[in-house]
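Chain by chain, the residues:
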Amino acid sequence: MTYIPQVPDWGEKYLYKNKEKLINYHTWLSTTGIKTGLISAKTKQFIWDEFIVHSLYFYKIIEDLNIEGRDVFDIGTGGGIPGIPISIVNNTKVTLIDNKKSRIFELDRLLKILDIKDLVAEERNAIDILKREEGAVFTLRCYLSTSNLIKQINKSLKKNTYLISSKKETQLKIYEKFHVEQEKFLINKNDYRFIDVITSM
């Protein structure tokens with residue numbers, strides 16, 4: 001089944017400069033990613049829209065916040081989503097974090113193919129990293145909800161930025177120690193997605 005490597009207007013500059021590597025990653029997800037269980041079986045178009053385009057918006061937020069130079073930790077990365085697309089369009093260090101040795105093994109094999117500078121995969125405890133790192137950007141696609149993340153980071157407050165995929169448009173709570181807002185964006189002509197942006201006050 002064919003697919004269209006499209007991107008809405010907001011992402012055209014990222015696709016134009018990095019199309020070959022993004023397509024290579026998409027091909028890997030569509031084949032090896034499914035075979036090894038890093039992602040479940042999906043259509044090629046779904047993989048492009050939900051995993052590639054959606055991931056690129058994480059980087060757009062990083063760029064809009066002028067924090068491109070900060071280290072990025074992709075928590076619960078699974079198949080490298082959104083960390084690998086972020087790394088493809090960005091020059092800063094991106095660390096893919098997962099607690100399963102088998103996932104890190106497959107990601108290490110992929111990173112050799114993609115040959116991207118400052119992109120690494122590590123088997124580490126995500127909660128420890130969330131508590132320890134400071135001045136970083138954390139991306140979370142499925143690992144924790146916004147409310148559960150805030151419960152974790154509230155215990156050891158650090159000056160970080162957290163970007164979390166949200167399943168729907170929600171009225172976010174007001175927190176004393178954090179600024180929380182939600183970004184709504186298109187991943188194709190018709191479908192909107194949401195990312196919650198959390199910064200320490």
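Counting restarts for each chain, with residues numbered from 1 along the sequence as it is written. Local features in this predicted model are restricted to residues whose pLDDT is 70 or higher, and side-chain atom pairs enter the listing and the counts only when it is 80 or higher, whereas totals over whole chains, interfaces and linings include all residues. Hydrogens and water molecules were not included; the side-chain quantities draw on all heavy atoms of the structure.

A. Structural detail: the overall build of the protein chain. Numbered from the N terminus, helices here are DSSP runs of H or I no shorter than four residues, and strands are runs of E no shorter than two. Scanning the protein chain from terminus to terminus reveals 6 helices and 7 strands. The order of α-helices and β-strands along the protein chain, N terminus first, is α-α-β-α-β-α-β-α-β-α-β-β-β. In this description the radius of gyration comes from C-alpha coordinates, and the expected globular size is given by 2.2 Å times residues to the power 0.38. For the protein chain, the C-alpha radius of gyration of 16 Å lies close to 17 Å, the compact-globule estimate for 201 residues. With the principal axes as the frame, the protein chain shows a C-alpha extent of 50 × 35 × 30 Å. Summary of the burial criterion: residues with accessible area below 20% of their type's maximum are buried, those above 50% are exposed, and those between are partly exposed, where the area comes from a 1.4 Å probe applied to protein chains only. Here the protein chain holds 201 residues, and 49% of them are scored as buried. Whether two residues are in contact is decided by their heavy atoms: any pair within 4.5 Å suffices. Residue pairs at least 24 apart in sequence account for 63% of intrachain contacts in the protein chain once pairs closer than 6 positions are excluded. Accessible areas in this description were obtained via Shrake-Rupley with a 1.4 Å probe; residue shielding takes into account the shown protein chains only. Accessible surface, the protein chain as shown: approximately 10,400 Å² in total, 48% of it carbon and sulfur. Residues scored as positive are Lys and Arg, those scored as negative are Asp and Glu, and His as well as the terminal groups of each chain are ignored. To locate a charge, take NZ of a lysine, CZ of an arginine, CG of an aspartate or CD of a glutamate. Each charge class in the protein chain was averaged separately, 31 positive and 26 negative side chains, and the resulting centres sit 5 Å apart.

B. Summary view of the packing of aromatic side chains. In summary, the pairing rule links any two rings of Phe, Tyr or Trp, Trp by its six-membered ring, whose centres are within 6.5 Å, and it sorts them by plane angle into stacked for under 30 degrees, edge-to-face for over 60 and tilted for everything else. Considering all chains together, one arrives at 9 aromatic pairs under this definition. For the ring pair Y3 and W48, a centre distance of 5.9 Å and an interplane angle of 40° mean the geometry is tilted. Of the two residues, Y3 sits in the segment before α1 (12-35) while W48 sits in helix α2 (residues 44-64), which places them 45 residues apart along the sequence. Each ring, one from F138 and one from Y162, has its centre 5.4 Å from the other, and the planes form 10°; the classification is stacked. With F138 in strand β4 (residues 137-140) and Y162 in strand β5 (residues 161-166), this pair connects stretches of sequence that are 24 residues apart. Feature note: the residues W10, Y57 and F185 constitute an aromatic cluster, connected by ring pairs. Here, over-ring charges are defined by two tests on the NZ atom of lysine or the CZ atom of arginine: distance to the ring centre within 6 Å, and angle to the ring normal within 35 degrees. The ring of F46 carries the charged tip of K42 above its face, separated from the ring centre by 5.0 Å. The ring of Y192 has K184 sitting right over it, with the charged end atom 4.7 Å from the ring centre.

C. View of the side chain of T139. As for its placement among the helices and strands, T139 is situated in strand β4. Pairs of N or O atoms within 3.5 Å make up the polar contacts considered here, provided that, within protein, one atom can donate a hydrogen while the other can accept it, and that residues adjacent in sequence are counted only when both atoms are side-chain atoms. In terms of polar contacts, T139 uses its side chain to reach the side chain of D74, at 3.0 Å. Not counting residues within four places of it along the chain, the set of residues in contact with T139 comprises F58, V72, F73, D74, I75, P82, I86 and L163.

D. Broad picture of the layout of surface pockets. A 1.4 Å probe that fits but cannot get out identifies a cavity on a 1 Å grid over protein atoms alone, an open set with protein on both sides within 12 Å along at least five of seven lines counts as a pocket, and a residue lines either if it has an atom within 4 Å of a point. Grid points are joined across faces, edges and corners, and a volume is the space filled by probe spheres set on the points. Space inside the second largest pocket adds up to approximately 270 Å³. Lining the second largest pocket we find 16 residues, and of these L38, T77, G78, R141 and C142 sit closest to its centre. Side-chain classes follow a simple rule in which Ala, Val, Leu, Ile, Met, Phe, Trp, Tyr, Cys and Pro form the nonpolar group, Asp, Glu, Lys and Arg form the charged group, and the remainder, Gly included, forms the polar group. Looking at the lining of the second largest pocket, its residues break down into 6 nonpolar, 6 polar and 4 charged.

E. Looking closely at the nonpolar core. Buried Ala, Val, Leu, Ile, Met, Phe, Trp, Tyr and Cys residues that are joined via side-chain atoms within 4.5 Å together make up what is termed a nonpolar core. One finds Y25, L29, I62, I84, L96 and L163 to be the most contacted residues of the largest nonpolar core, which totals 44 residues. Mapped onto this core, the elements with two or more residues apiece are α1, α2, α3 (83-89), β2 (94-98), α4 (101-114), β3 (119-123) and β7 (192-200). Here this core takes 11 residues from α2, the largest share from any one element. Beyond its immediate sequence surroundings of up to four residues, I62 is in contact with I67, E68, V72, I86, V137 and L163. With 19 residues, the next largest nonpolar core counts I129, L130, F138 and Y162 among its residues.

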